[in-house]
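# Chains, contacts and geometry: an overview
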Amino acid sequence: MGTGTLAPSLKQALFAYTSFTLLYIFGQFRDFFRKRWSKASLKGYAPIRQDYEDFYTRRMYYRIHDCFNRPITGPPSSWMDVLERTPVNRQEPLTTTGKIKRCLNLGSYNYLGFASSDPYCTPRVLDTLSQHGWSLCSNRADAGTTPVHEELERELASFLGKEAALTCGMGFATNSAFLPVLATPGTLVLSDALNHSSIVAGVRAAKGTVRVFDHNDPEHLERLLRTALVEGQPRIHRPWKKVIIVVEGIYSMEGEVVDLAGFVAVAKKYKAYIWLDEAHSIGAMGATGRGVCEHLGVNPADIDVLMGTFSKSFGACGGYVAANKDVIDYFKAQCPAHLYATAMTPPAVQMVLSALRLITGADGSDRGAHKLSQLRTNANYFRSGLLRLGFNVLGDWDSPVMPVMIFQPAKLSATSREMLRLGVAVVEVGFPATPLLTSRMRVCISASHTRQDLDYALQLFDYVAERCDIRYGGDTARALADTGPKIQAV
């Protein structure tokens, strides 16, 4: 059970709808007068884009675009340097002023703190750089495989409890390019309603048929699946060739842990396959960092394809798929991301390999185990603190992702600017990345945060909540604050 709710109150929904309606009306007025008096820049040419296609960008997004795409300098450790930019001036681009703002980093996916310099990982990365160079300038199928790649894939497969693994140079492409290879014509793909954009891109590119089930709801999935099996393929009504259920370990915009046991039960009952996206859970969940399977006590053998990325817990870039050897061999022969895209750079591969050895204790120390324990403690401590302050915080205990619901677009920009002024870097997420009424401030916790960092952040959150009136959890949230795991005193 999560600690928050996506649904706004009637009052907050009315305020949000009113804000968007007013912005829409004034935007239409401005577009009307602009068309009346502006001159066409390319006479005789058809418009390269229609006004309605970028109406949201021009009339709404540019009012608050200083809250997004903020540039940083230096590593994204517990504290980081944010480059200050000029104020919003209509649709003029923002430019850096040359000033730097030192901020507490609550926005990066640096869950285990590997993104900054590490005494074990960094020297090995530099050695690999000297030996193999910056890039292989080739795909894996041609001249893009080194012994470091093969070593990582062997150790990763063993870590995940699978026969084989395959790396990819881009985490997003690990879903968007690998999923269509399996979802061939005659395939039924059942996808969670709140799956990541990379999964959405993958199932759209697939040639199978897609059905969307309610978020994290195995019962609705079963109803959809049963109906689809009875009806068969569209038009021809033949039996489906295969069924693939696609879910995430931790939903990145909600911070919720998947009901994996429920989905596995449905998959076994109807002989379906499961594709599990562990981008935010591998290395961050489970006693030894093996993800939601370990965290929830599910046998990895019950998951047909384990997918994950290296840009979160491992402090690098790229992604992987792990499965039975015949599935991985099929990917190697068919997937465009393996056959045509540039391979992971050797230094990035070595970074992942070194981080993995730290997590498993293969380096001979307990630093990895300490990082995993510290991440869980930090995540639960900060979630408990936010709930005590009355925030509506989505997600589950132990999850390092904590979306704080804001709902209204005006408060989205207000909280973002106020947080930056106070020296806290957070990520604000609104429409169209989320539905219209579910704007939120997403907090990501790291093992590198100290208790002093978290206490300082909670003080500032309390101040901003008072200024912006965003305590939408109320007494319900405060009552949930003591329901989580016991937190060790420091």
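Let me sum up the structure you'll find in this document.

Reading the values: the criteria
- Residues numbered from 1 in each chain as written.
- Predicted model: local features only at pLDDT ≥ 70, side-chain atom pairs only at ≥ 80, totals over all residues.
- Heavy atoms only, no water.
- Helix = DSSP H or I, 4+ residues; strand = E, 2+ residues; numbered from the N terminus.
- Rg over C-alpha atoms; globule rule 2.2 N^0.38 Å.
- Buried < 20%, exposed > 50% of the residue type's maximum accessible area, 1.4 Å probe, protein only.
- Contact = heavy atoms within 4.5 Å.
- Areas by Shrake-Rupley, 256 points an atom, 1.4 Å probe, with all protein chains shown as cover.
- Lys, Arg positive; Asp, Glu negative; His and termini not counted.
- Charge placed at Lys NZ, Arg CZ, Asp CG, Glu CD.
- Expected span 1.5 Å × (residues − 1).
- Axes fitted to C-alpha atoms, helices over the stretch in contact; angles between N-to-C directions.
- Parallel < 35°, antiparallel > 145°, perpendicular 65-115°, else oblique.
- Left-handed = near helix turned anticlockwise from the far one by under 90°.
- 1 Å grid on protein atoms, 1.4 Å probe; cavity = no way out; pocket = protein on both sides within 12 Å on 5 of 7 lines; lining within 4 Å.
- Points joined across faces, edges and corners; volume = space filled by probe spheres on them.
- Nonpolar A, V, L, I, M, F, W, Y, C, P; charged D, E, K, R; others polar.
- Phe/Tyr/Trp six-rings, centres within 6.5 Å; stacked < 30°, edge-to-face > 60°.
- Lys NZ or Arg CZ within 6 Å of the ring centre and 35° of its normal.
- Pairing = 2+ DSSP bridges.
- Core = buried A, V, L, I, M, F, W, Y, C linked by side-chain atoms within 4.5 Å.
- Salt bridge = Lys/Arg side-chain N within 4 Å of Asp/Glu carboxyl O.

### Observations concerning the overall build of the protein chain
Within the protein chain, the secondary structure is distributed over 17 helices and 14 strands. Its C-alpha radius of gyration of 24 Å places the protein chain within 12% of the 23 Å reference for a compact globule of 490 residues. Evaluated residue by residue, the protein chain yields a buried proportion of 52% over its 490 residues. Long-range contacts, defined as pairs at least 24 residues apart, comprise 72% of the intrachain contacts of the protein chain with a sequence gap of at least 6. When the accessible surface of the protein chain is split by element, carbon and sulfur atoms take 55% of a total near 22,600 Å². The centroid of the 53 positive side-chain charges in the protein chain is displaced by 8 Å from the centroid of its 46 negative side-chain charges.

### Some remarks on the environment of T450
Inspection of the secondary structure puts T450 in the loop between β14 (439-444) and α16 (451-468). We classify T450 as partly exposed; its relative accessible area is 35%. Spatially, the C-alpha atom of T450 lies 8.3 Å from that of S78, the residues being 372 residues apart in sequence.

### Considerations on unusual backbone geometry
Trans is the common state for peptide bonds, and a negative phi is the common state for residues other than glycine. In this chain, F431 is followed by P432 through a cis amide linkage whose omega measures 5°. Tracing the backbone shows P432 in the loop between β13 (427-429) and β14. Positive phi outside glycine occurs at R235, with the angle close to 70°. The class of R235 is exposed, set by a relative accessible area of 79%. A positive phi angle, close to 60°, is found at H237, a residue other than glycine. For H237, a relative accessible area of 55% gives the class exposed.

### Points about helix α15 (residues 409-422)
For α15, with 14 residues, the first-to-last C-alpha span of 20 Å sits near the 20 Å given by 1.5 Å per residue. Check the buried side of α15 and you find it contacts α1 (10-37), β11 (401-407), β12 (424-425), β13, β14 and α16. Once α15 ends, the next one or two residues include G423, with phi positive near 90°.

### Some remarks on the packing of helix α14 (residues 367-388) against α16
Packing of α14 against α16 leaves a shortest axis separation of 10 Å and a crossing angle of 20°. Between α14 and α16, the interaxial angle falls into the category roughly parallel. Once α14 is placed against α16, the crossing between them reads as right-handed. Residues T377, N378, Y381, F382, G385 and L386 of α14 touch α16, and the partners they reach there are R451, L454, D455, A457, L458 and F461.

### Concerning the layout of surface pockets
If you add up the space inside the largest pocket, you get close to 660 Å³. What lines the largest pocket is a set of 34 residues, and nearest its centre among them are N195, H196, S197, S198 and S252. Of all elements in the fold, only α5 (171-176), β5 (187-192), α7 (197-205), β6 (209-213), β9 (305-309) and β14 reach the threshold of two or more residues within the lining of the largest pocket. Within the lining of the largest pocket, the residues separate by chemical class into 15 nonpolar, 12 polar and 7 charged.

### Some details on the packing of aromatic side chains
Scanning all chains against the criterion turns up 15 aromatic pairs. One aromatic cluster is present, formed by Y61, Y62 and F68 through successive ring pairs. Just above the ring of Y381 sits the side chain of R451; from NZ or CZ to the centre is 4.0 Å.

### Comments concerning the packing of α15 against α16
The geometry of a pair of packed helices is captured by two quantities: the angle between their axes and the separation between those axes. Following both chains from N to C, one finds α15 and α16 inclined at 140°, their axes separated by 10 Å at the closest point. Between α15 and α16, the interaxial angle falls into the category oblique. Helix-helix and strand crossings are classified by hand; for α15 and α16 the assignment is right-handed. Side by side, α15 and α16 meet where K411, A414, T415, E418, M419, R421 and L422 of the first sit next to Y456, L460, F461, Y463, V464, R467 and C468 of the second. A breakdown of the residues in the contact of α15 with α16 according to their chemical character gives 9 nonpolar, 1 polar and 4 charged.

### Considerations on the sheet that holds strand β8 (residues 273-277)
An order of β4-β10-β9-β8-β7-β5-β6 is seen for the 7 strands of this open sheet, with the pairing classed as mixed. The outermost strands of the open sheet, each flanked by one partner alone, are β4 (164-168) and β6. Ignoring which end each strand starts from, the neighbouring axes of this sheet average 20° apart. Sheet topology note: the β5/β6 ladder contains 5 bridges and is parallel.

### Examining the pairing of strand β2 (residues 79-85)
Looking down a regular strand, the side chains alternate between one sheet face and the other. Bridge count for strand β1 (residues 72-73) against β2 is 2 bridges, and the pairing is antiparallel. Residue pairing for β2: T73 is matched across the bridge by D81. Across 6 bridges, the pairing between β2 and strand β3 (residues 96-105) is antiparallel. Opposite L83, over in β3, you have I100 as the bridge partner.

### What about the nonpolar core?
Proteins that are soluble and globular tend to have nonpolar side chains buried together. I245 and L260 are the most contacted members of the largest nonpolar core, which totals 63 residues. When neighbours within four sequence positions are excluded, I245 is seen to be in contact with L190, F213, L221, F263, A267, A272, Y273, I274 and W275. Membership of the second largest hydrophobic core comes to 41 residues, among which are Y381, L387, F407 and A457.

### Considering the pattern of salt bridges
In total, this model carries 22 salt bridges according to the counting rule given. Between R440 and E254 there is a salt bridge, and its shortest N-O distance comes to 3.1 Å. Residue R440 is located in strand β14, and its partner E254 is located in the loop between β7 (242-248) and α9 (260-270); the two are separated by 186 residues in the primary sequence. Comparing R440 with E254 shows no difference in burial state: the two are buried. When the shortest N-O distance is used, the salt bridge between D462 and R471 registers 2.6 Å. For D462, a relative accessible area of 31% translates into the label partly exposed. One salt-bridge network, held together by shared partners, links D31, R34, D54, R58 and R59.

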